[in-house]
Amino acid sequence: MCIKHHMSEGTATVDQSFRLPKTIKPRNYSIDLVPDLTKFTFAGSVAIEVDVIESTSVVKLNAKELEISTFFATNAAGTRLDGKVSLDDETEIATITFDGTLGKGSWTLSATFTGILNDKLKGFYRSIWTDDKGNKHTIATTQFESTDARRAFPCFDEPEFKATFDVALTVPEELTALSNGAIIKSETIGAGLKRVTYDRTMKMSTYLVCFCVGEFVSSKPVMVNGIETRVWCVPGKEHMTEFALRAAAFATDYYEKYFEIDYPGGKKIDHIAIPDFASGAMENLGLITYRETALLLNEETATHAERTRVAVVVLHELAHMWFGDLVTMSWWNGLWLNESFATFMENLCLDAWQPTWNVWDEFGLSRAAASRVDALKSTHPIECPVNHPDEAAQLFDVISYEKGCSVLYQIHQYIGGETFRRGIAIYLKKHSYGNTETHDLWDALEVACKAAAVEAKSDVAEPVPVPVREIMDRWVFTAGHPVVEVKSGADAGSLELTQRPFKFLNDTADSTLWPIPVTVRAKVDGQSELIERKFLMDGKTHSEKLGTKVEWAVVNAGGSGFYRVVYDKALTSSLTAKVMENLSAIERFNLVNDAWACVRAGILPTPDYIEMVKLFGAEEDPNVWAIITSSLSHLHSLVKDEHRKALSQVIHALVKPAADRLGFIAKDGETVQSRQLRGSLIGVLGTIGEDAQVQAKANELFSGWKVDKQSVDSNVVPALVSILAHKGDEARYDEFFALSQAAQSPQEVQRFLFALARFRDSNLLGKTIDKCLTDDVRTQDAPYLYANVLGNEVAAAAAWKFMKDNWAGMVARYPENGVVRMCGAVAGLDTPELEAEVKAFFAANQVKSGDMAIAQALEQLRINVLMRERETGHLQKHLAAKDEVAIAAK
């Protein structure tokens, strides 16, 4: 639910005061900018060719933090009308009152203006980087999504007002200047300056315009179907561009074939790493901007997770060139159309590029993260109303990205991959260069489904097309998700399925139902082959006859459904009797994840959960282990002293055999999953497993790594750093900080920087707290580092006090989205006393663009407090009983 600006009780009152009238529509912008990288300012002019639909003497467009010195309108007849500008800071609308009437037809609106290259990482802003000699350099770059193009030039800054763009930049001769289009001319104009002009863009929204000016160097160009593709970075990092370049080349070709549309953006696609960047990346047409960790990679030292991170971000942004840039949502309520689909395509494309990476198994972690938020009362539908720009910013979350991707994958698997692809191609071709609403996508998929049904038609029965619009509207416009309870039916050989909404705090009646695409796989008595059934469960209950007797059955077979499954005791026992044999990796992941969700909801007792995960000692999938170890880590935080020691022994007994099978040294021919798992299990053993031998080995291996980075498998290095921080003293802390400053790759910078939040000494963590308000930590990183300190039980209370005392300074210093993410970490302050403080603080201090995130953080905090109160005693009793059994055995 969007709750800011005229929203209450789950409904929205449309507020048009922040919207522009549709009586004037732009066709083309001619933008001429002169950034000053020493004074952190810019001057500019813009000429906007428009169609005036209704005669008027008043024009409204968007502007923010601009000083507009002149504004006038001209037409082909030679008429010039001068305008007087009035700017409303609240609505960010400039009203221009002319000394005459603009009649219907073509006009050109011209303005001159000045602005600042701000340090807030949005609009036209500055980024500072330091070379290896300690010299500082300035970059001017942009981040316009969702509503910050208006900080760079007066414009019709809404997605629906698409236009073409002609850009010219005047910059120092020695600097590189890039924009969306290819450079068509660069001429010296004197005084050490050059003027660079670019190809006209395709018709697109203002939020996709981009300029980058600074000392940049590029990779070698790669031609992909006639498109020049490059990766750009600051000098000295060129050797880290090759992986992203290969990913970009594959994806560009893949998408052209998948969408059946050539790249629409012109002759080139530049990918550029910016040292200071608030988000992960931005899909500016032809000039995609990235945080360095999302684009640059040292392939000799990168972990699998770091490779995956770069790959999925590059693939995500390139998918936007079609889905978002070519075809764009009409308004920000349709943001999910951009982000969910790009998230889906990043996984689909990566699976095609790297099939051994088991991409959709790994996506289980992302789907689980979305389902955790979606099980809150404070969740929101995938699509919800947007009036104020702040509301658009709130929708960049796991619901718009990961849940949206999940329901797209769910329907993709239900209707079939090729039918889905054809529907997407239909949609993009029909709406190219235009704007759409959600139902336009469903209509295209239904067309594809009908065509597939006709192709599959037989003489026996008339195929029934899938009602995509009916199914997807319910999933997209309804907050939350169901749990399907499964038990043996009254009729032998049948299953009875019942759905209900799943909530962690299930204290209100809710009769919501979803049309659930269900796939069941079962072993039935008397049949040698497994049977599989696919059906749409659109009522509260469903009975499915499978045979004479069901030996075992898995609901949500294949794991693509966005719903939880709970089996009765008999079905659970039969399913888990041979869990490694009966279930695939993603099905095992879902089984554990759903069980853990039931613990958090108070449905499944903690001791029962612990006994269940002991069945997974032979597990080999790193994603299944990830949910097991993260849940055990949470339980570890609930107990102290001897009980904690006892739980550490339980964790050690579960993890150690699996870790021993893998050893510390990578083997030739290993899968990427084995390499991932090795590092994960070593990290668990050396921290909450408190294995002294592993801790000593970590020290030994890290000493060798400092001499030769090839001496340790890259996937093990993060575990070594985590273990050494867990046991670290001041000397180790200082060493890690020095390594974070000296690291050559963006990933190593992050690894050692964020390790500063994992030490267990309160004085050392106090130093980390202090660093977050100094230049020791970039403002793009500081709020995330601080969130990690808030999540460390040793420093949580001190970090919370510091945050309260320094709130104004943090808000002024950090990017808005970083402040929101930092505040989310208060969910870990799970004592009643701290919870009361947190609630009081946020009642008095509103977080810009953070209403939904704060409501969700407070609800998760409530869940965690309740879980601590409810489960700690059960867990202590269970662990004490285990100790008694162990003593008796001795």
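Up top is the structure these notes are about.
Keep in mind the model is a prediction, meaning the values are calculated, not measured.

1. Side note on the overall build of the protein
- Looking only at helices and strands, one finds 27 helices and 31 strands in the protein.
- Expected size for 890 residues packed as a compact globule is a radius of gyration near 29 Å; at 28 Å, the protein falls within 12% of this value.
- Considering only C-alpha atoms, the protein reaches an extent of 100 × 75 × 55 Å along its principal axes.
- In the protein, which comprises 890 residues, the share counted as buried stands at 59%.
- Contacts spanning at least 24 positions in sequence make up 71% of the contacts within the protein whose residues lie at least 6 apart.
- Of the accessible surface of the protein, which amounts to about 33800 Å², a share of 51% is contributed by carbon and sulfur atoms.
- Distance between charge centres in the protein, computed from 93 positive and 119 negative side chains, equals 1 Å.

2. A look at the side chain of glutamate 544
- Looking at the secondary structure, you find glutamate 544 in strand S29 (residues 541–545).
- A polar side-chain atom of glutamate 544 sits 2.7 Å from a polar atom in the side chain of histidine 542.
- Those residues in contact with glutamate 544 that sit more than four places away from it in its chain are Gly493, Ser494, Leu495, Arg533 and Phe535.

3. Description of unusual backbone geometry
- Residue serine 146 is reached from glutamate 145 by a cis peptide bond, and omega for that bond is 5 degrees.
- Turning to its location among the elements, serine 146 is positioned in the loop between strand S11 (136–143) and strand S12 (164–172).
- The phi dihedral of leucine 121 falls on the positive side, at around 65 degrees, and the residue is not glycine.
- Here leucine 121 is to be found in the loop between strand S9 (105–116) and strand S10 (123–130).
- On the accessibility criterion, leucine 121 (3% relative accessible area) is buried.
- Phi at tyrosine 433 takes a positive value of approximately 70 degrees, unusual for a residue other than glycine.
- As for its placement among the helices and strands, tyrosine 433 is situated in the loop between helix H7 (417–431) and strand S24 (435–436).

4. Some points on helix H12 (residues 585–600)
- With 16 residues, H12 extends 23 Å from end C-alpha to end C-alpha; this agrees with the ideal 22 Å at 1.5 Å per step.
- One or two positions beyond H12, positive phi appears at glycine 602, with a value near 80 degrees.

5. Considerations on empty space enclosed by the protein
- Applying the stated rule across the entire model yields 6 cavities of 30 Å³ or more.
- Considering the residues around the largest cavity, the lining is formed by 14 residues, among which Arg367, Ser371, Tyr563, Asn593 and Asp594 are closest to the centre.
- When contributions to the lining of the largest cavity are tallied by element, the ones reaching two or more residues are helix H4 (359–374) and H12.
- For the lining of the largest cavity, the residue count by class is 4 nonpolar, 7 polar and 3 charged.
- In this structure, the second largest cavity spans a volume of roughly 100 Å³.
- If you go around the second largest cavity, the residues you meet are Val554, Val555, Asn556, Val565, Tyr567, Leu575, Leu583, Glu587, Asn590, Leu591 and Asp594.
- Of all the secondary structure elements, the ones that give two or more residues to the lining of the second largest cavity are strand S30 (550–555), strand S31 (564–567) and H12.
- Among the elements that make up the lining of the second largest cavity, the one with the highest residue count is H12 (4 residues).
- When the residues that make up the lining of the second largest cavity are grouped by side-chain class, the tally is 7 nonpolar, 2 polar and 2 charged.

6. Focus on the packing of helix H17 (residues 692–707) against helix H18 (residues 717–726)
- Between H17 and H18, the shortest axis-to-axis distance is 9 Å and the interhelical angle comes to 120 degrees. Relative to H18, the element H17 lies oblique. The chirality of how H17 crosses H18 is left-handed. Facing Val694, Gln695, Ala698, Asn699, Leu701, Phe702 and Trp705 of H17, the residues of H18 in contact are Val717, Leu720, Val721, Ile723, Leu724 and His726.
- Of the residues belonging to the contact of H17 with H18, the class tally is 10 nonpolar, 3 polar and no charged.

7. Considerations on the pattern of salt bridges
- Scanning all chains against the criterion turns up 61 salt bridges.
- Here glutamate 418 makes a salt bridge to arginine 422, at a shortest N to O gap of 3.3 Å. In this pair, glutamate 418 and arginine 422 both sit in helix H7, 4 residues apart, roughly one turn of the helix.
- The structure contains a network of salt bridges with shared partners spanning Glu260, Glu418, Arg421, Arg422, Lys429 and Glu455.

8. Let's talk about the sheet that holds S30
- Spatial ordering of the open sheet is given by S28-S27-S30, a layout of 3 strands whose pairing is antiparallel. In this open sheet, the two strands that pair with only one neighbour each are strand S28 (531–537) and S30. Ignoring which end each strand starts from, the neighbouring axes of this sheet average 25 degrees apart.
- Where strand S27 (residues 516–524) lies against S30, 5 bridges are found, and the strand directions are antiparallel. Of the residues in S30, the one forming a bridge with alanine 522 is alanine 553.

9. Some points on the sheet that holds S31
- Spatially, S29-S26-S25-S31 is the arrangement adopted by the 4 strands of the open sheet, whose pairing is mixed. Edge positions in the sheet fall to S29 and S31, since each has one partner strand and no second. Taking the axes of each pair of neighbouring strands and ignoring which way they run, one obtains an average angle of 25 degrees across the sheet.
- For strand S25 (residues 482–488) and S31, the ladder comprises 4 bridges, and the chain directions are parallel.

10. Observations concerning the packing of helix H23 (residues 796–805) against helix H26 (residues 832–844)
- Remark: H23 packs on H26, axes separated minimally by 12 Å, with the N-to-C direction vectors making an angle of 20 degrees. Between H23 and H26, the crossing angle belongs to the class labelled roughly parallel. You can see that H23 and H26 cross each other, and the crossing is left-handed. On H26, the residues touching Trp800, Met803 and Lys804 of H23 are Leu834, Glu837, Val838, Phe841 and Phe842.
- Of the residues assigned to the contact of H23 with H26, the class counts are 6 nonpolar, no polar and 2 charged.

11. Here's the deal with the layout of surface pockets
- The volume enclosed by the second largest pocket comes to roughly 1400 Å³.
- The wall of the second largest pocket is formed by 40 residues, among which Ile128, Trp129, Thr130, Pro275 and Arg778 lie closest to the centre.
- At 5 residues, the largest contribution of residues to the lining of the second largest pocket is made by S10.
- Its residues assigned to classes, the lining of the second largest pocket comprises 14 nonpolar, 11 polar and 15 charged.

12. Quick notes on the packing of aromatic side chains
- For the coordinates displayed, the defined rule picks out 45 aromatic pairs.
- Ring geometry for phenylalanine 144 and phenylalanine 211: centres 6.1 Å apart, planes at 80 degrees, overall edge-to-face. Of this pair, phenylalanine 144 sits in the loop between S11 and S12 while phenylalanine 211 sits in strand S16 (residues 211–214), and the two are 67 residues apart along the sequence. Like phenylalanine 144, the residue phenylalanine 211 is buried in the burial classification.
- Residues tryptophan 336 and tryptophan 442 carry aromatic rings whose centres are separated by 5.6 Å and whose planes lie at 35 degrees to one another, so their mutual orientation is tilted. Here tryptophan 336, found in helix H3 (residues 335–353), pairs with tryptophan 442, found in helix H8 (residues 438–455); they are 106 residues apart in sequence, far enough to count as distant.

13. With respect to the pairing of S10
- The sheet contact formed by S10 and S11 spans 8 bridges and is antiparallel. Among the inter-strand pairings, threonine 130 is bridged to a residue of S11, identified as lysine 136.
- Adjacent in sequence and paired antiparallel, S10 and S11 are bridged by 5 residues, among which glycine 134 carries a positive phi angle near 90 degrees.

Reading the values: rules and limits
- Residues numbered from 1 in each chain as written.
- Predicted model: local features only at pLDDT ≥ 70, side-chain atom pairs only at ≥ 80, totals over all residues.
- Heavy atoms only, no water.
- Helix = DSSP H or I, 4+ residues; strand = E, 2+ residues; numbered from the N terminus.
- Rg over C-alpha atoms; globule rule 2.2 N^0.38 Å.
- Buried < 20%, exposed > 50% of the residue type's maximum accessible area, 1.4 Å probe, protein only.
- Contact = heavy atoms within 4.5 Å.
- Areas by Shrake-Rupley, 256 points an atom, 1.4 Å probe, with all protein chains shown as cover.
- Lys, Arg positive; Asp, Glu negative; His and termini not counted.
- Charge placed at Lys NZ, Arg CZ, Asp CG, Glu CD.
- Polar contact = N/O pair within 3.5 Å; in protein donor to acceptor, adjacent residues only side chain to side chain.
- Expected span 1.5 Å × (residues − 1).
- 1 Å grid on protein atoms, 1.4 Å probe; cavity = no way out; pocket = protein on both sides within 12 Å on 5 of 7 lines; lining within 4 Å.
- Points joined across faces, edges and corners; volume = space filled by probe spheres on them.
- Nonpolar A, V, L, I, M, F, W, Y, C, P; charged D, E, K, R; others polar.
- Axes fitted to C-alpha atoms, helices over the stretch in contact; angles between N-to-C directions.
- Parallel < 35°, antiparallel > 145°, perpendicular 65-115°, else oblique.
- Left-handed = near helix turned anticlockwise from the far one by under 90°.
- Salt bridge = Lys/Arg side-chain N within 4 Å of Asp/Glu carboxyl O.
- Pairing = 2+ DSSP bridges.
- Phe/Tyr/Trp six-rings, centres within 6.5 Å; stacked < 30°, edge-to-face > 60°.

These values are about where atoms sit, not about what they do.
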